[in-house]
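# Descriptive analysis of the structure
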Amino acid sequence: MKKSFLALPACVLCAALLLCGCQSVVTAGSVSGSATESAAAASSGAAGAPLTIACTSAGFNPYVSDDAITRQDATLLFEPLVAITPDLDLDYRMAQNVDNSGLLVTVQMRSGCFFADGSNVTAEDAAASLNAARLSSQYAARFSNVTDVVVEGSAVCITLTQPDSLFAYLLDIPVLRADEVSLSRPTANGRYTYSDGGDALVLNSRAAFPDGGPAEIGLETVAGADALVSGLAVGSVDLYVLGDDSTETTSINAVETYYRNNDLIYLSVNAGATNPLCSTATGRRLLSTLVDRNDLASKAYYSRAYAATGAINNYYPCVKGRQTILPSADASPLESTMAALGYTRADDGTFQDEKQQPAAVSLLVYSGSSYKRYAAQLLQEQLQANGIRVDITEAASFDDYLAAVQSGQFELYIGEVKLYNNFDLSPFWSGQASYGLAPSEALLAAYSSFRQNSGTAGDFEAAFASEMPFIPLLWHSGTVVTSRRVGGVNASLSSAFYSLADLTVG
């Protein structure tokens, strides 16, 4: 029998564009209490004491709290429909399978899964969780393409407004009991559940996917962001997730572990500029070819990033081995391409046009981001080493920077966008990252085909690389910071605790 759930209106939201790249605070909160109290608590714990993580007074339900700590802790207490592996593949959890056909996505639920109280996890629970996510501040934007959610037997049927071949990547959301989606402490069904006193997490004997980990995880209630780093330094908290563009210096007692992320750092190119290096696909391809992405990652981002070899993250199975952008620079096409663009070599090694004007590009960067300022300097060095001058313009304020971008007063600028896990690239075609870009109808058609069938992702990448409407540079890695007594962290895009099998606390 078909059971209908309330059809909710789609939210008109897009991926959050991080044009500024300004410093951000860590995503977890700050340690409550004085440093003296924290130090005393830390010193009282012997080696091998339980892992201690931050929590908030808001509880553990990410559908009613927009705090990043709540989302982090929820991955220990509640299993998702799917998880994304460290290698950016799909790991089916409460969902046995996800079938994607046009505008209909069918999620077949896994049987034999239970909540900690012994009740079954059902398709009704999954549907209610999905609808709660659609109403929440944490997840609503990613599900703006959903118009209806219904249950048919043991399956959840989701109706979309537009095809989305990678929709399953959006389903790394926790499954809560249908009657508890608005509670701050819903019944657990994950690897951990609440201790009898509620002040710790303990292993859940009914977990569908147990994978080891400490028998108990301590909870430290936090209230803000300012003191978390010092809290880890004195031992009251063992782990937090660093902000995506944070330049915080972590404690000497800390260890950083990186995980692959979908934050794209890119070079936007104004196709409307008179400069042939920007206005032509030939010029844009050459600029891309001359960029050493590995150098940018290791120097400007201190290895907290890795080279982007296409518009879709290199590690997604649908594009592995099917991208053509090189991670290192290749100057072999330089002479012939510059000649085709109307430039010749001058005696000093630079290129000039027929009016003896130097081949040059202007690069806009927001001065508030140390990462991007350094990246701009490296790009300047790389291009000038090949005879193309780069004039860097630093915007003193973000408002000035944004005004220049929105008015098209740039040839190149360094931007950053946090893309959804299904690789909806609409921010570049019609959203906040589209300033100055002019994708062709052929490229948009190739993108539309990819959205309908991920098997055509390679064809889209080929069309993209040929046209290069913007230049992908790096994928900005996520960072988990832990105390030195913690080892074996295995994080992913879905969770700082993707696997606990190798985690050690000593």
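Residues numbered from 1 in each chain as written. Predicted model: local features only at pLDDT ≥ 70, side-chain atom pairs only at ≥ 80, totals over all residues. Heavy atoms only, no water.

## Some remarks on the overall build of the chain
Put simply, the rule is: Only DSSP runs of H or I covering at least 4 residues are called helices, and only runs of E covering at least 2 are called strands; the numbering of each starts at the N terminus. For every residue, the accessible area obtained with a 1.4 Å probe (protein chains only) is divided by the maximum for its type, and the residue is called buried under 20%, exposed over 50%, and partly exposed between those limits. Residue contacts follow a heavy-atom distance rule, with two residues in contact if any of their heavy atoms lie within 4.5 Å. The accessible surface values rely on the Shrake-Rupley method and a 1.4 Å probe; as for residues, cover is taken only from the protein chains in view.
Each helix and strand counted, the chain has 13 helices and 23 strands in total. With 506 residues in all, the chain has 55% of them scored as buried. Looking at the chain alone, contacts between residues at least 24 apart form 72% of all its contacts between residues at least 6 apart. Of the roughly 19,600 Å² of accessible surface on the chain, a fraction of 50% belongs to carbon and sulfur atoms.

## Comments concerning the nonpolar core
As a reminder, the rule being used: Each nonpolar core is a collection of buried residues, namely Ala, Val, Leu, Ile, Met, Phe, Trp, Tyr and Cys, held together in the definition by side-chain atoms within 4.5 Å.
Met 338, Phe 428 and Phe 460 are the most contacted members of the largest nonpolar core, which has 78 residues in total. Sort the elements by how many residues they give to this core and helix α9 (residues 370–384) lands first, with six residues. In contact with Met 338, not counting residues within four places along its chain, are Leu 277, Leu 286, Tyr 343, Phe 351, Ala 359 and Ile 388. Core analysis: the next-biggest nonpolar cluster, separate from the first, contains 62 residues, Cys 113, Ala 132, Val 151 and Tyr 259 among them.

## Some remarks on the packing of helix α7 (residues 293–300) against α9
Under the convention used in this document: To obtain each axis, a line is fitted to C-alpha atoms, and for helices this fit is confined to the stretch in contact; angles are then taken between N-to-C directions over 0 to 180 degrees. Crossing handedness follows the turn of the near helix against the far one: under a right angle anticlockwise gives a left-handed crossing, and clockwise gives a right-handed one. All residues other than Ala, Val, Leu, Ile, Met, Phe, Trp, Tyr, Cys, Pro, Asp, Glu, Lys and Arg, Gly among them, are scored as polar; the first ten of these are nonpolar and the last four charged.
It is at 10 Å that the axes of α7 and α9 come closest, and there the two elements cross at 145°. Here α7 and α9 pass one another in a crossing that is right-handed. Between α7, through Asp 295, Leu 296, Lys 299 and Ala 300, and α9, the contact on the second element is made entirely by Tyr 371, Tyr 374, Ala 375, Leu 378, Leu 379 and Gln 382. Of the residues in the contact of α7 with α9, the class split is seven nonpolar, one polar and two charged.

## Brief notes about the packing of helix α12 (residues 441–452) against helix α13 (residues 457–467)
We count it as follows: The cut-offs work like this: below 35 degrees is roughly parallel, past 145 is roughly antiparallel, 65 to 115 is roughly perpendicular, and the gaps in between are oblique.
One can describe the packing of α12 onto α13 by two numbers: an axis separation of 8 Å at closest approach and a directional angle of 160°. Between α12 and α13, the interaxial angle falls into the category roughly antiparallel. Read as a crossing pair, α12 and α13 show a hand that is left-handed. Between α12, through Leu 443, Ala 446, Tyr 447 and Phe 450, and α13, the contact on the second element is made entirely by Ala 457, Phe 460, Ala 463, Phe 464 and Glu 467.

## Overview of helix α10 (residues 398–406)
Rules: It is the directions from the helix axis to the C-beta atoms that the arc portrays.
For α10, the complete set of buried residues consists of Tyr 401, Ala 404 and Val 405. Looking straight down α10, one finds its buried side chains confined to an arc of 100°; they lie on one side. Elements in contact with the buried residues of α10: β18 (360–366), β19 (389–395) and β20 (412–418). After α10 finishes, the residue Gly 408 shows a positive phi value of roughly 75°.

## Some details on the pattern of salt bridges
Selection rule: Here, a salt bridge means any Lys or Arg side-chain nitrogen found within 4 Å of an Asp or Glu carboxyl oxygen.
In this structure the tally under the stated criterion is 16 salt bridges. With its nearest N and O atoms 3.3 Å apart, the salt bridge here joins Asp 164 to Arg 451. Taken together, the residues span a long stretch of sequence, with Asp 164 in the loop between β9 (155–160) and β10 (192–194) and Arg 451 in helix α12 at a distance of 287 residues. Each of the two residues, Asp 164 as well as Arg 451, counts as buried. For Asp 238, the salt bridge identified is with Arg 485, shortest N-O distance 2.9 Å. Of this pair, Asp 238 sits in the loop between α4 (228–234) and β13 (239–242) while Arg 485 is found in the loop between β21 (470–483) and β22 (486–487), placing the two residues 247 residues apart along the sequence. Salt bridges sharing common partners tie together Asp 117, Arg 177, Asp 179 and Glu 180.

## Overview of the packing of aromatic side chains
Our working rule: Whether two aromatic rings pair depends on their centres lying within 6.5 Å, for rings of Phe, Tyr and Trp, where Trp uses its six-membered ring; planes under 30 degrees apart make the pair stacked, over 60 edge-to-face, and the rest tilted. In this scheme, the term charge over a ring applies when either NZ of a lysine or CZ of an arginine sits within 6 Å of the ring centre and within 35 degrees of the ring normal.
Tallied over the full model, the rule gives 25 aromatic pairs. Measuring from ring centre to ring centre gives 5.6 Å for Tyr 306 and Tyr 315, while their planes differ by 85°; the resulting arrangement is edge-to-face. Its relative accessible area of 15% is what places Tyr 306 among the buried residues. When the ring centre of Phe 209 is taken as reference, the NZ or CZ atom of Arg 93 above it lies at 5.4 Å.

## What to know about unusual backbone geometry
Glycine aside, the phi torsion of most residues is negative, and most peptide linkages are trans. In this structure, Ser 303 takes a positive phi of about 65° despite not being glycine. As for its position among the elements, Ser 303 is in the loop between α7 and β15 (305–307).

## Looking at the pairing of β21
Note the cut-off: Pairing between strands is defined by DSSP: at least two bridges between them are needed.
Among the 14 residues of β21, 14 are classified as buried, and the element is accordingly described as predominantly covered. Where β13 lies against β21, four bridges are found, and the strand directions are antiparallel. Directly across from Tyr 240, in β21, lies its bridge partner Val 481. Here strand β14 (residues 254–269) pairs with β21 via twelve bridges, running antiparallel. When the bridges of β21 are listed, Leu 264 appears paired with Trp 475. With three bridges joining them, β15 and β21 adopt antiparallel strand pairing. Bridge assignment links Ala 305 to a residue of β21, and that residue is His 476.

## As for the environment of Ile 69
Along the chain, Ile 69 falls in helix α2 (residues 68–77). Put simply, Ile 69 and Ala 54 are 15 residues apart on the chain and 6.9 Å apart in space, counted from C-alpha to C-alpha.

## Describing the side chain of Arg 284
We apply this condition: The charged-residue count follows a simple rule in which Lys and Arg add positive charge and Asp and Glu add negative charge, with His and chain termini not counted at all. Contacts described as polar in this section are N or O atom pairs within 3.5 Å, which, within protein, must combine one atom able to donate a hydrogen with one able to accept it, while residues neighboring in sequence count only if both atoms come from side chains.
For Arg 284, the location among the structural elements is in helix α6 (residues 281–290). Buried Arg 284, no salt bridge; nearest opposite-charge side chain is Glu 467, N-O distance 5.3 Å. A distance of 3.5 Å separates the side chain of Arg 284 from the backbone oxygen of Ser 279, its partner in a polar contact. Here Arg 284 is in contact with Val 269, Ala 271, Leu 277, Cys 278, Ser 279, Glu 467, Met 468, Pro 469 and Ile 471, once residues within four sequence places are set aside.

## With respect to the environment of Gln 384
Along the chain, Gln 384 falls in helix α9. Residues Gln 384 and Ala 359, spaced 25 residues apart in sequence, show a C-alpha to C-alpha distance of 9.8 Å.

## A few points about the side chain of Glu 461
Summarising the element assignment, Glu 461 is placed in helix α13. As a buried residue without a salt bridge, Glu 461 has its nearest oppositely charged side chain in Arg 322, at a separation of 9.3 Å. Looking at Glu 461, its side chain comes within polar contact range of the main-chain nitrogen of Ala 311, at 3.1 Å.

All quantities given are derived from atomic positions and should not be read as evidence of function.
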